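Chain residues, written in single-letter form:
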Amino acid sequence: QVQLVESGGGLVQAGGSLPLSCAASGRTGNMAWFRQGPGKEREFVVSISYNGGWIQYADSVKGRFTISRDNAKNTVYLQMNSLEPEDTAVYYCAASASSMWSDFARRGAYDFWGQGTQVTVSS
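What counts and how
- Residues numbered from 1 in each chain as written.
- Predicted model: local features only at pLDDT ≥ 70, side-chain atom pairs only at ≥ 80, totals over all residues.
- Heavy atoms only, no water.
- Salt bridge = Lys/Arg side-chain N within 4 Å of Asp/Glu carboxyl O.
- Helix = DSSP H or I, 4+ residues; strand = E, 2+ residues; numbered from the N terminus.
- Contact = heavy atoms within 4.5 Å.
- Pairing = 2+ DSSP bridges.
- Axes fitted to C-alpha atoms, helices over the stretch in contact; angles between N-to-C directions.
- Buried < 20%, exposed > 50% of the residue type's maximum accessible area, 1.4 Å probe, protein only.
- Lys, Arg positive; Asp, Glu negative; His and termini not counted.
- Polar contact = N/O pair within 3.5 Å; in protein donor to acceptor, adjacent residues only side chain to side chain.

Observations regarding the pattern of salt bridges
Move 1: All told, the structure shown has 4 salt bridges when counted by the stated rule.
Move 2: Among the ionic pairs, E43 bridges to R35, the shortest N-O distance being 2.7 Å.
Move 3: Of the charged contacts, one joins E84 and R64 as a salt bridge, the two residues approaching to 4.0 Å between their closest N and O atoms. With a gap of 20 residues between them, E84 in the loop between β8 (75–80) and β9 (89–95) and R64 in the loop between β6 (55–57) and β7 (65–70) connect regions that are remote in the sequence.
Move 4: A network of salt bridges, in which partner residues are shared, links R35, E43, R64, E84 and D87.

See the structure below:
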């Protein structure tokens, strides 16, 4: 019953930065970002626990992307720096109804999904 809406996608040149946000219609538990590139399966990017105490990044984005959340605004953010053409994908926000521990890198850990926002990195 929670709706998620991603925003901030767009076109950026390689080496550039782009911030994404995901606004939830209500309170959520754990949250995450996944992405699906052209001709590829949806893959895990990063997750954050409900209180921000646990953060897990995919190796491909660690050191370049930063996740954060503002529970007062029911919003999670993804700051993407040093973007590469390989980062081109539809980025999806996900959230769990529960705040308890889970395998945050699995799609099955999340109950709600946004519609996705396109990020295109040009060379």
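Details of the environment of F112
Move 1: Here F112 shows up in strand β10 (residues 112–113).
Move 2: Considered as a pair, F112 and A94 are 18 residues apart in the sequence and their alpha carbons are 5.5 Å apart.
Move 3: The residues contacting F112, other than those within four sequence positions of it, are Q1, V2, L4, C93, A94, A95, S96 and A97.

Things to note about the sheet that holds strand β3 (residues 18–24)
Move 1: Read from one edge to the other, the open sheet built from 4 strands follows the order β1-β3-β8-β7, with strand pairing classed as antiparallel. Across the chains shown, the open sheet's two edge strands, defined by having one partner strand only, are β1 (4–7) and β7. On average, each strand axis in the sheet is inclined to that of its neighbour by 15 degrees, with strand direction left out of account.
Move 2: Examined bridge by bridge, β1 and β3 share 4 bridges and lie antiparallel to one another. Residue pairing in the sheet places L4 in a bridge with A24 of β3.

Some thoughts on the side chain of E6
Move 1: The residue E6 is located in strand β1 in this model.
Move 2: For the buried E6, no salt bridge exists, and the shortest N-O distance to an oppositely charged side chain is 7.5 Å, to R42.
Move 3: Only 2.7 Å separates the side chain of E6 from the backbone nitrogen of C93, close enough to count as a polar contact.
Move 4: Separated by 3.0 Å, the side chain of E6 and the backbone nitrogen of Q115 make a polar contact.
Move 5: Ignoring anything within four residues of it in the chain, the contact list for E6 reads S21, C22, W33, Y91, Y92, C93, G114, Q115, G116 and T117.

A few points about the pairing of strand β11 (residues 117–122)
Successive side chains on a regular strand alternate, one facing one side of the sheet and the next facing the other.
Move 1: Burial of the side chains of β11 is restricted to one face: T117, V119 and V121 are buried, whereas none of Q118, T120 and S122 on the reverse face is.
Move 2: Relative to β11, strand β2 (residues 10–13) runs parallel, the two being bridged by 4 bridges. Opposite G10, over in β11, you have V119 as the bridge partner.
Move 3: The pairing of β9 with β11 spans 3 bridges and is antiparallel. Residue pairing across strands places Y91 opposite T117, the latter belonging to β11.

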